[in-house]
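Coordinate inspection notes
Spelled out, the chains give:
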Amino acid sequence: QVQLVESGGGLVQAGGSLRLSCAASGRTLTSYAMGWFRQAPGKEREFVAGVYWNGISTYYADSVKGRFTISRDNGKNTVYLQMNSLKPEDTAAYYCAAARTAYGGRRSDDYNYWGQGTQVTVSS
């Protein structure tokens, strides 16, 4: 069984930065894509960023492109989300997810393992 544990969330002012981490245990995930999703109160969960199994190819939601960077360290079985120029609308619970394939996707159904989430709050 795979366990994903996120960390790094918190309260930050608009324009600030945070770095989220997601540590995987139970099974190596080096053959699978990883992704980050977020869910704000009263809204559906939405895709934020994804990274292929090899860490070379990445893809982003339009709302975060140019501000967020996803990366992974397969040696540490960990994926990261660097968030810069944060906006109040980025406030949400952020979830790490492991994909069913090496290339992932933008839909929740493309992922079969999820973390418990970490809260990010951006004040104006």
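Above this text sits the structure in question.
The structure reproduced in this document is the subject of the present report. (Residues numbered from 1 in each chain as written. Predicted model: local features only at pLDDT ≥ 70, side-chain atom pairs only at ≥ 80, totals over all residues. Heavy atoms only, no water.)

Concerning empty space enclosed by the protein
Evaluated as defined, the whole model comprises 1 cavity of 30 Å³ or more. Here the lining of the largest cavity is built from residues that sort into 4 nonpolar, 3 polar and 1 charged. (1 Å grid on protein atoms, 1.4 Å probe; cavity = no way out; pocket = protein on both sides within 12 Å on 5 of 7 lines; lining within 4 Å. Points joined across faces, edges and corners; volume = space filled by probe spheres on them. Nonpolar A, V, L, I, M, F, W, Y, C, P; charged D, E, K, R; others polar.)

Some points on the environment of Tyr80
Inspection of the secondary structure assignment puts Tyr80 in strand 8 (residues 78-83). The exposure class of Tyr80 is buried, given its relative accessible area of 13%. Taking the C-alpha atoms as reference, Tyr80 lies 9.7 Å from Met34; in sequence the two are 46 residues apart. Ignoring any residue separated from it by four or fewer positions in sequence, one finds Tyr80 in contact with Arg19, Leu20, Ser21, Trp36, Thr69, Ile70, Ser71 and Asp73. (Helix = DSSP H or I, 4+ residues; strand = E, 2+ residues; numbered from the N terminus. Buried < 20%, exposed > 50% of the residue type's maximum accessible area, 1.4 Å probe, protein only. Contact = heavy atoms within 4.5 Å.)

Overview of the state of the cysteines
According to the stated counting rule, one finds 1 disulfide in the structure shown. Here Cys22 connects covalently by a disulfide to Cys96, the sulfurs 2.1 Å from one another. Between Cys22 and Cys96 the sulfur-sulfur dihedral comes to about -75 degrees; the bridge is accordingly left-handed. Of this pair, Cys22 sits in strand 3 (residues 18-25) while Cys96 sits in strand 9 (residues 92-99); the two residues are 74 residues apart in sequence, bridging distant segments of the chain. A relative accessible area of 0% means that Cys96 is categorised as buried. (Disulfide = S-S within 2.5 Å.)

Here we look at the sheet that holds strand 7 (residues 68-73)
Strands sit in the order 1-3-8-7 across an open sheet of 4 strands; the sheet is antiparallel. Looking at the sheet topology across the chains shown, the edges are occupied by strand 1 (3-7) and strand 7. Between one strand and the next, the sheet's axes are offset by a mean angle of 15 degrees, whatever the strand orientation. In this sheet, strand 8 lies alongside strand 7 in antiparallel orientation, the contact comprising 6 bridges. Residue pairing across strands places Ile70 opposite Leu81, the latter belonging to strand 8. (Pairing = 2+ DSSP bridges. Axes fitted to C-alpha atoms, helices over the stretch in contact; angles between N-to-C directions.)

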